Amino acid sequence: MNTLFIITILLGGLATYLTRVLPFIFYREKEPSQFVRSFLKYMPYGALGGLLFPGVLTATGNVTTSVIGACIASVLILLRQNMIIVVLGGIVSAYVAEILFKLL
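A. Representation of helix 3 (residues 63–78) in the model. If you check helix 3, its first and last C-alpha atoms are 22 Å apart, about what 16 residues at 1.5 Å a residue would give, namely 22 Å. What helix 3 keeps buried is the set T65, S66, G69, A73 and L76. All buried residues of helix 3 fall inside an arc of 105 degrees around its axis, so they share one side. For helix 3, the elements touching its buried residues are helix 2 (34–57) and helix 4 (83–103). Residue N62 occupies the N-cap position of helix 3, its side-chain oxygen lying 3.1 Å from the main-chain nitrogen of T64. Of the residues flanking the end of helix 3, it is R80, one or two places downstream, whose phi is positive at about 60 degrees.

B. Spatial organisation of the packing of helix 3 against helix 4. Two numbers describe how helix 3 lies on helix 4: the axes approach to 8 Å, and their chain directions differ by 150 degrees. Relative to helix 4, helix 3 is oriented roughly antiparallel. At the point where helix 3 passes helix 4, the crossing takes the right-handed sense. Every residue of helix 4 that contacts helix 3 at T64, T65, I68, G69, I72, A73, L76 and I77 is listed here: I85, V86, G89, G90, S93, A94, A97, E98 and F101. Class assignment for the residues of the contact of helix 3 with helix 4 results in ten nonpolar, six polar and one charged.

C. Structural detail: the side chain of E98. As for its position among the elements, E98 is in helix 4. It is K102 that comes nearest to the buried, bridge-free E98 among opposite-charge side chains, at 4.4 Å.

D. Representation of unusual backbone geometry in the model. Phi at R80 is positive, roughly 60 degrees, even though this residue is not glycine. Relative to the assigned elements, R80 resides in the loop between helix 3 and helix 4. Since its relative accessible area comes to 77%, R80 is described here as exposed.

E. Seen up close, the layout of surface pockets. Taken as a whole, the largest pocket spans an internal volume of roughly 630 Å³. Lining of the largest pocket is provided by 21 residues; of these, L52, V56, G69, A70 and A73 occupy positions nearest its centre. If one sorts the elements of the lining of the largest pocket by residue count, helix 4 sits on top with eight residues. The residue makeup of the lining of the largest pocket, split by class, is 14 nonpolar, six polar and one charged.

What counts, and where the lines are drawn
- Residues numbered from 1 in each chain as written.
- Predicted model: local features only at pLDDT ≥ 70, side-chain atom pairs only at ≥ 80, totals over all residues.
- Heavy atoms only, no water.
- Helix = DSSP H or I, 4+ residues; strand = E, 2+ residues; numbered from the N terminus.
- Expected span 1.5 Å × (residues − 1).
- Buried < 20%, exposed > 50% of the residue type's maximum accessible area, 1.4 Å probe, protein only.
- Arc of directions from axis to C-beta.
- Contact = heavy atoms within 4.5 Å.
- Polar contact = N/O pair within 3.5 Å; in protein donor to acceptor, adjacent residues only side chain to side chain.
- Axes fitted to C-alpha atoms, helices over the stretch in contact; angles between N-to-C directions.
- Parallel < 35°, antiparallel > 145°, perpendicular 65-115°, else oblique.
- Left-handed = near helix turned anticlockwise from the far one by under 90°.
- Nonpolar A, V, L, I, M, F, W, Y, C, P; charged D, E, K, R; others polar.
- Lys, Arg positive; Asp, Glu negative; His and termini not counted.
- Salt bridge = Lys/Arg side-chain N within 4 Å of Asp/Glu carboxyl O.
- 1 Å grid on protein atoms, 1.4 Å probe; cavity = no way out; pocket = protein on both sides within 12 Å on 5 of 7 lines; lining within 4 Å.
- Points joined across faces, edges and corners; volume = space filled by probe spheres on them.

This is the structure we're talking about:
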């Protein structure tokens, strides 16, 4: 194997490890502020939404039908439905919208 390749992998691993360990070393005795705790509490939802949203818009190949499916799924979430119902409702509504758009 190329030596540069091995060095790159080792340095990447070291950088990843240090960014995860250093906060524990430096802030071992300190309690995070309310703002930081709130930020960390909601951050996974924001990151997940940011990762999934572009895929939702391109899921069917037609942005309009994808948005219809996402809107139906959002309404089902607001109605506190089971996650399986939400997913199936979004899929079925996007599928039906796709069929209706092809007929028109």
